[in-house]
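Understanding the architecture of this molecule
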Protein chains: 2
Amino acid sequence: MQGISFSERVRIDLCDRGYDILIGAGVLADPGAFEAARPGPDALIVTNTTVGPLYATRLAQVLARRHPKLRTLALPDGEQHKNWHTLNLIFDELLGNGADRKTTLYALGGGVVGDMTGFAAACYMRGVPFVQVPTTLLAQVDSSVGGKTAINHPLGKNMIGAFYQPQAVVCDLDVLKTLPARELSAGLAEVIKYGPIADMAFLDWIEANIEPLRACEPAALAHAVKRSCQIKADVVGQDEREAGLRAILNFGHTFGHAIEAGMGYGAWLHGEAVGAGMVMAAELSRELGGVDAAFVQRLRALIARAGLPTRGAVIDARDNAGRYLQLMRVDKKAEGGEIRFVVIDGPGRAAVRSAPDALVRQVIDRCCAG
Amino acid sequence: MQGISFSERVRIDLCDRGYDILIGAGVLADPGAFEAARPGPDALIVTNTTVGPLYATRLAQVLARRHPKLRTLALPDGEQHKNWHTLNLIFDELLGNGADRKTTLYALGGGVVGDMTGFAAACYMRGVPFVQVPTTLLAQVDSSVGGKTAINHPLGKNMIGAFYQPQAVVCDLDVLKTLPARELSAGLAEVIKYGPIADMAFLDWIEANIEPLRACEPAALAHAVKRSCQIKADVVGQDEREAGLRAILNFGHTFGHAIEAGMGYGAWLHGEAVGAGMVMAAELSRELGGVDAAFVQRLRALIARAGLPTRGAVIDARDNAGRYLQLMRVDKKAEGGEIRFVVIDGPGRAAVRSAPDALVRQVIDRCCAG
């Protein structure tokens, strides 16, 4: 096999828990990309029934020398399976095959596989090593980076989880070529997010490159993934456990989670809900005086060009805003029943704020389809 | 209410995760004992159906000023309930009542309540504060201290869990008066453990005070709990996540876990299994040259005087030793299928060793009833 060099390497700086994100075309087939992973006889690739057939054999080949007793487990695909039952399939596999505290887990898939495998690694025997190998754009730019792991609870998304850092994140841009267009768009929602909260020059760049990004052009993807990871690494390095700053990464997510929960997990892709949620959060920001109408319109236009919905779902025919408010009160940022919104406090600058229910209702009524 | 002063205070030194263990008669009714807990409107006392009726009201009264919206949840009692289903009762209660990331959990009960409440606190919204209020001797001297939390899996004890430190541990010696004699004896197993692994002078003291301890004399209990916590604090302070040294605290536990799993969780109390397990581990230590027969006999006699079994259970009529070995291979200390035993390497000094199966079989055959 010819040597493949990484396009990019981004460091997550977290004292004794720091690690690198490796970004490049073809890195999945490069043994050097996995050097940071702990060697040991025993390892498990956790993937799903969609990604597994495409890439599990390639990853297994490259890991075979590191882990002679390597196995693969394919979970059912989809957000609706991000629950305790599916998590237990991982534990059953590990315990049934004598996995010990030195067994490494490799998460090969999108955000659901990464979140569940990371949480399994956090809990199995109180913690085993794991490596993220994200295969969706959304996972490469957001969910695989920063150590948030979780499963859903019937009453709320990502309610049960842990902060648990991987040993490395390996982002192969080539695998995005097999990603359905709808999922690529969903990933672009998280890329776009980094603009308004942290870097307006990056927003300019995304506007200028949205077509190359949707066409999976390697250079455009490489820059989008790298810059997204840099911003996330900077935020997570300052606030690993979301005591404050890290919450800004949830721009659009409070409204978005209400859409996902209200429609039933899996009906909207997470990124789609975040797309519409960012428009709602931008509208709220405008009401609170942080940005003007032109800013909201600019963001809405870009979200539409990314192939994402810009209007929220109607999740309750009788009292739509009331249902949104009810669902948003179980958001993890809420405190004492008061919803905490990530708003734009000025272009490129985010803040966490509460807002009067009446104002939030207006925004929801204005921003939802129907 | 008159002021109550703590008999003892032991510090667990863990950088930003350090905390105090408060030990004394009546501290459960002293608001000062809970000063280290984070104030906030919302809190949940998690207890069980046995301990709750005895002490939950007393604890709720003392916490009412700190947490105006205090609730109590009583779980079913017993090791057989230390599973995902029961853990979910805690999550359901929290989510159903709008608990947020600042909600504090209080674990009022023995090791099962403490382990499950701690794990729930570790996972709920990726971590909320919690306080241990152990009501059994075993929990006061061992399980509530050091941040090990877990639930059982059908294939192994404490297989799913987290290292997650409480904000404080409050040990009220008075509550031990209502502890059944069998449970007091089970707690003495963990007290006795600290002698051979770390402090032979403490073993001398236990031998001289075993009757006062079994009679719940306050001064004897205070010293036993304090010295046990000091030794545990010292070990945990050096090795929080059991990279090495901490494993010595599992003296007797490898054999003991096999008895618990082999008999079905709950048939033997954990401390009873550790009692018989320490005799087996001492026999193995003698075979490996760490101690002499007189040492084993001395330990066996003390375990018997504590009211504990000194012979292991027969868990398989056809191949008892084989079944022990099979169960011990899923112990968390095992590596690559090789069982790692905590042995006494000389009085007051423990080490982690592997041993030939044939030798372990001999020890099991010699030490099991039948």
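The structure presented is a predicted model; accordingly, all values stated were derived computationally and were not measured.

Before going further, it helps to spend a moment on the overall build of chain A. Of regular secondary structure, chain A possesses twelve helices and eleven strands. In terms of overall dimensions, chain A is globule-like: its C-alpha atoms have a radius of gyration of 20 Å, near the 21 Å expected for 370 residues. By its C-alpha atoms, chain A is 60 × 40 × 35 Å across when sized along the principal axes. Relative to its full complement of 370 residues, chain A shows a buried share of 64%. Taking as baseline every contact in chain A between residues at least 6 positions apart, the subset at least 24 positions apart corresponds to 75%. As displayed, chain A has an accessible area near 12,800 Å², and 50% of this comes from carbon and sulfur atoms.

It is worth spelling out the nonpolar core at this point. In terms of nonpolar packing, the biggest core is built from 104 residues, with F34, L59, L137 and M328 of chain A touching the most fellow members. Counting residues per element, this core draws most heavily on helix 7 (residues 218-238) of chain A, at ten residues. Built from parts of two domains, this core gets at least three residues from each of domain 1 (8-178) and domain 2 (181-367) of chain A. Ignoring sequence-local partners within four residues, the contact set of L59 of chain A consists of L28, F34, I45, Y106, L108 and V133 of chain A. C216, A273, L284 and L302 of chain B belong to the second-largest nonpolar core, a separate cluster that totals 103 residues.

Turning next to the interface of chain A and chain B. Listed as interface residues are 37 residues of chain A and, on the opposing side, 37 residues of chain B. Carbon and sulfur atoms make up 58% of the area that chain A and chain B hide from each other, which totals about 3,300 Å². If you look at where chain A meets chain B, you find four salt bridges. Among the ionic pairs, R101 of chain A bridges to E242 of chain B, the shortest N-O distance being 3.2 Å. Inspection of the chain A/chain B interface yields 16 residue pairs in polar contact (both at pLDDT 80 or more). If you list the elements that add at least two residues to the side of chain A that touches chain B, you get helix 2 (84-96), helix 3 (111-123), strand 7 (148-153) and strand 8 (156-163) of chain A. Residue composition of the side of chain A that touches chain B, grouped by class: 18 nonpolar, seven polar and twelve charged.

With that out of the way, let us pick up the domain arrangement of chain A. Residues and elements named next belong to chain A. What the domain assignment reports for chain A is domain 1 (8-178) and domain 2 (181-367). Taking the mean C-alpha position of each, domain 1 and domain 2 sit 25 Å from one another. Tallying the contact residues gives 34 residues for domain 1 and 38 residues for domain 2. In this assembly, domain 1 packs against domain 2 so that about 2,900 Å² is buried in total across both faces, 67% of it on carbon and sulfur atoms. Counting across the interface, domain 1 meets domain 2 through six salt bridges. Ionic pairing is found between D142 and K232, a salt bridge with its closest N-O pair at 2.8 Å. Inspection of the region where domain 1 meets domain 2 yields ten residue pairs in polar contact (both at pLDDT 80 or more).

Residues and elements named next belong to chain A. Interhelical geometry of helix 6 (residues 200-214) versus helix 7 gives an angle of 145° and a closest axis separation of 10 Å. As for how helix 6 packs across helix 7, the hand of that crossing is left-handed. Together, F202, W205, P212 and L213 of helix 6 and A220, L221, H223, A224, R227, S228 and I231 of helix 7 make up the contact between the two elements. Its residues assigned to classes, the contact of helix 6 with helix 7 shows eight nonpolar, two polar and one charged.

All names here are of chain B. In terms of strand pairing, strand 1 (residues 8-12) meets strand 2 (residues 19-24) through five bridges, oriented antiparallel. Considered in strand 2, the bridge of R9 is made with L22. The turn joining strand 1 and strand 2, which pair antiparallel and follow one another in sequence, is formed by six residues; a positive phi near 45° is taken by C15.

Residue and element names in this part refer to chain B. The topology assignment puts V51 in the loop between strand 3 (42-48) and helix 1 (52-63). Here V51 falls in the buried class, since its relative accessible area comes to 11%. Here the alpha-carbon distance between V51 and R9, two residues 42 residues apart in the chain, equals 24 Å.

Next up on the list: the relation of the copies chain A and chain B. Between the two copies, chain A and chain B, the superposition gives an RMSD of 0.0 Å; the rotation angle is 180° and the shift along the axis is 0.0 Å. Such a combination of turn and shift is consistent with a two-fold rotation axis.

All names here are of chain B. Residue placement: I364 occurs in helix 12 (residues 357-367). The class of I364 is buried, set by a relative accessible area of 0%. Remark: the alpha-carbon pair of I364 and A281, spanning 83 residues in sequence, is separated by 9.6 Å. Among residues more than four places away in sequence, those in contact with I364 are F255, M280, N320, A321, Y324 and M328.

The rules behind these values
- Residues numbered from 1 in each chain as written.
- Chains lettered and ligands numbered in written order.
- Predicted model: local features only at pLDDT ≥ 70, side-chain atom pairs only at ≥ 80, totals over all residues.
- Heavy atoms only, no water.
- Helix = DSSP H or I, 4+ residues; strand = E, 2+ residues; numbered from the N terminus.
- Rg over C-alpha atoms; globule rule 2.2 N^0.38 Å.
- Buried < 20%, exposed > 50% of the residue type's maximum accessible area, 1.4 Å probe, protein only.
- Contact = heavy atoms within 4.5 Å.
- Areas by Shrake-Rupley, 256 points an atom, 1.4 Å probe, with all protein chains shown as cover.
- Core = buried A, V, L, I, M, F, W, Y, C linked by side-chain atoms within 4.5 Å.
- Domains from an automatic or database assignment.
- Buried area = accessible area lost by both parts, 1.4 Å probe.
- Salt bridge = Lys/Arg side-chain N within 4 Å of Asp/Glu carboxyl O.
- Polar contact = N/O pair within 3.5 Å; in protein donor to acceptor, adjacent residues only side chain to side chain.
- Nonpolar A, V, L, I, M, F, W, Y, C, P; charged D, E, K, R; others polar.
- Axes fitted to C-alpha atoms, helices over the stretch in contact; angles between N-to-C directions.
- Left-handed = near helix turned anticlockwise from the far one by under 90°.
- Pairing = 2+ DSSP bridges.
- Least-squares fit on C-alpha atoms with pLDDT ≥ 70 in both.

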